[in-house]
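Structure at a glance
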Amino acid sequence: PIPCTEGQLVYYDLNADTYIAKDNMVHGTEPHLFIGNSGWAGKSRALIDFDISTFNTELTALHQDTKSVFLRLWYEGAELSKPYNDPRQIERELDAHKILKAWNENFATSKWASQSGNNKNPWNGDMMEELNDFNSEEISSDTLSEGEDQHNVYFDITKVFKEWMDDKSSDHGIMIKDGEHESVPGYFLKFASLNHPDPTTRPYLMVCQKKPQCEPEDLPPQKIYNHGCVSHENITLNYCVAKNGACSADDGTAVDYGYFVGVSALFDEFHVLRTFCKCCTDSAANKIPVAMNCEGADREDYTEEVWYITSCECQ
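In this report, the structure presented in the accompanying data block is examined. (Residues numbered from 1 in each chain as written. Predicted model: local features only at pLDDT ≥ 70, side-chain atom pairs only at ≥ 80, totals over all residues. Heavy atoms only, no water.)

A few points about empty space enclosed by the protein
Operational definition: Here a cavity denotes grid points, spaced 1 Å and computed from the protein atoms alone, that fit a 1.4 Å probe unable to get out, and a pocket denotes an open set having protein on both sides within 12 Å along at least 5 of 7 lines; residues with an atom within 4 Å of a point are the lining. Grid points are joined across faces, edges and corners, and a volume is the space filled by probe spheres set on the points. Gly counts as polar in this scheme, as do all residues outside two lists: the nonpolar Ala, Val, Leu, Ile, Met, Phe, Trp, Tyr, Cys and Pro, and the charged Asp, Glu, Lys and Arg.
For the structure on display, the rule yields one cavity of 30 Å³ or more. In this structure, the largest cavity encloses a volume near 40 Å³. Taken together, Leu 14, Ile 48, Asp 49, Phe 50, Leu 71, Ile 157, Trp 164, Ile 174 and Leu 205 form the lining of the largest cavity. Taken together, the residues of the lining of the largest cavity break down into eight nonpolar, no polar and one charged.

As structure tokens, then:
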């Protein structure tokens, strides 16, 4: 992928993965994903999903509209499923497509997408039907040739990720298949899944985001009250607000740090804390003299000094 030199590179875990094969069995808990065709076992396709609700679409922006989101898979090599009289490890072009239907890794097979209670929800066709179960448009592709060693494989899914950001209900993940020789028997291409014993090989998303920023934002003009006195005029004060992706919820919660000027938090519709920036606070400020009217108070009129923030920082 293109280096994220001017943005902030963030890694996101996937929500689910599996592969579907002609055996019509569930493979959602296995340590590997298989793509291609391995003789008697027939063709196999990988399904991968990312929970877009974990991505803060309100405060987090992509660094740019293209080449900002990549799916990373670890390729472990080619594997023959069953003995075959003429196995060939041919060049395979792996194509990623947007899935159009909800599925569940605990139930997905070549025939079934998910299950609700005792009711199974089928795909529109065996091994998923083009146009109804997955989009025919190729999102991204990568070619693996015979004899290639283990390495990372990347798919640029920026376009579909932006669609998920705009409409979270459309997020059903992507399907990866052999787009050139899927009907030709040979070897399966084997990739590490979310259940692989080595966590460093498991798939994840790489997202190049705009760098976290926090900036001063003015509050509505209002009177200043202190010591029983009130300002002669309305005064405009300000505070620091996190923008372009604040610190993640893993950095703490509002309960840990409390609310105070300079802290920005975002809750979703279920009141779950999605973003909390404990470090978006003022880095420079100027004193502003405010004339106070103390009529009726037990003191003389005086000049109060308040701070007006000139810059903020989010560390």
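So much for the structure itself; the text now carries on.
With respect to the packing of aromatic side chains
Operational definition: When the centres of two rings from Phe, Tyr and Trp lie within 6.5 Å, Trp using its six-membered ring, the rings pair. Their planes under 30 degrees apart give stacked, over 60 give edge-to-face, and anything left gives tilted. Only DSSP runs of H or I with at least four residues qualify as helices, and only runs of E with at least two residues qualify as strands; both kinds are numbered from the N terminus onward. A 1.4 Å probe rolled over the protein chains alone gives each residue an accessible area, and that area as a share of the maximum for its type sets the label: buried under 20%, exposed over 50%, partly exposed in between. Here, a charge over a ring is recorded when the distance from Lys NZ or Arg CZ to the ring centre is within 6 Å and its angle to the ring normal is within 35 degrees.
Counting across every chain of the model gives seven aromatic pairs. Between Phe 34 and Phe 188, the ring centres sit 5.6 Å apart and the planes meet at 50°, which makes this aromatic pair tilted. In this pair, Phe 34 sits in strand β3 (residues 32-37) while Phe 188 sits in strand β12 (residues 188-192), placing the two residues 154 residues apart along the sequence. Phe 188 matches Phe 34 in its accessibility class, with the two residues each being buried. Each residue in the set Tyr 12, Phe 50, Phe 161 and Trp 164 is aromatic and connected to the rest through ring pairs, giving one cluster. Here the basic side chain of Arg 299 rests over the ring of Tyr 302, its NZ or CZ set 4.1 Å away from the ring centre.

Overview of the state of the cysteines
Disulfide: a covalent bond formed between the sulfur atoms of two cysteine residues. Keep this limit in mind: The definition used for a disulfide is geometric: two cysteine sulfur atoms within 2.5 Å.
In total, this model carries three disulfides according to the counting rule given. With a sulfur-sulfur separation of 2.0 Å, Cys 229 is cross-linked through a disulfide to Cys 294. Disulfide Cys 229-Cys 294: torsion about the S-S bond near 110°, hence right-handed. You can see Cys 229 sitting in strand β16 (residues 229-231) and its partner Cys 294 sitting in the loop between β20 (280-293) and β21 (302-314), a full 65 residues away along the chain. This pair shows no difference in class: Cys 229 is buried, exactly as Cys 294 is. Paired through a disulfide, Cys 240 and Cys 312 show a sulfur-sulfur distance of 2.1 Å. Between Cys 240 and Cys 312, the S-S dihedral sits near -80°, and the bridge is therefore left-handed. Here the residue Cys 240 occupies a position in strand β17 (residues 238-243), and Cys 312 occupies one in strand β21, the gap between them amounting to 72 residues.

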